[in-house]
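# A structural walkthrough
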Amino acid sequence: MGVPDDKAVAEVEDAIRSHVAANPRAADTLQGIHDWWLPRRLRHRVTFEQLQSAVDALADAGLLEAREGLDGETLFLARRDPR
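Residues numbered from 1 in each chain as written. Predicted model: local features only at pLDDT ≥ 70, side-chain atom pairs only at ≥ 80, totals over all residues. Heavy atoms only, no water.

### Side note on the sheet that holds strand β2 (residues 64–68)
- The strand order across the open sheet built from three strands is β1-β3-β2, with neighbouring strands paired in antiparallel fashion. Edge strands, defined here as strands with exactly one partner in the open sheet, are β1 (27–28) and β2.
- As paired strands, β1 and strand β3 (residues 74–78) are joined by two bridges and run antiparallel to one another. Looking at the pairing, alanine 27 lines up with leucine 77 of β3. (Pairing = 2+ DSSP bridges. Helix = DSSP H or I, 4+ residues; strand = E, 2+ residues; numbered from the N terminus.)

### Re the nonpolar core
- The biggest cluster of nonpolar side chains holds 22 residues, and the ones touching the most others in it are Val12, Ile16, Leu38, Leu51, Val55 and Leu64.
- Only α1 (5–22), α2 (30–37), α4 (48–60) and β3 provide two or more residues apiece to this core.
- By residue number, the principal contributor to this core is α1, which donates six residues.
- If sequence neighbours within four positions are ignored, leucine 51 has contacts with Val12, Ile16, Leu30, Ile33, His34 and Leu38. (Core = buried A, V, L, I, M, F, W, Y, C linked by side-chain atoms within 4.5 Å. Buried < 20%, exposed > 50% of the residue type's maximum accessible area, 1.4 Å probe, protein only. Contact = heavy atoms within 4.5 Å.)

### Overview of the packing of α1 against α4
- The interhelical angle for the contact between α1 and α4, taken along N-to-C directions, is 55 degrees, at an axis separation of 8 Å. Considering the angle they form, α1 stands oblique to α4. Considering the relative orientation of α1 and α4, their crossing is right-handed. On α4, the residues touching Asp5, Ala8, Val9, Val12, Glu13, Ile16 and Arg17 of α1 are Gln50, Leu51, Ser53, Ala54, Val55, Ala57 and Leu58.
- Among the residues making up the contact of α1 with α4, the classes are represented as nine nonpolar, two polar and three charged. (Axes fitted to C-alpha atoms, helices over the stretch in contact; angles between N-to-C directions. Parallel < 35°, antiparallel > 145°, perpendicular 65-115°, else oblique. Left-handed = near helix turned anticlockwise from the far one by under 90°. Nonpolar A, V, L, I, M, F, W, Y, C, P; charged D, E, K, R; others polar.)

### Examining the pairing of β2
- In this structure, β2 lies alongside β3, joined through five bridges in antiparallel fashion. Counted as the bridge partner of arginine 67 is leucine 75 from β3.
- Connecting β2 to the antiparallel partner β3 that follows it, the hairpin turn spans five residues, and glycine 72 within it adopts a positive phi of roughly 90 degrees.

### Regarding α2
- Turning to α2, its buried residues number three or more, namely Leu30, Gly32, Ile33, His34 and Trp37.
- Check the buried side of α2 and you find it contacts α1, β1, α3 (40–43), α4, β2 and β3.

These figures capture arrangement, not role.
Below is the structure:
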């Protein structure tokens, strides 16, 4: 069963913040963030739309930076100088 959108997005944001705090050079695609940055308990409960919302919010807040990779896929990096 899914989690309400706002709660799921907030949980994902918290998980990503924790991952970035522990791994300040973290960088990955949306799929990689799902597979490697999120705790197992969240991976099967959140949708990719919820994950994208969380990543977008953290990018807007200055915690993550989006860059296009050579293959055209977006790579999200932990900002070394968060706003």
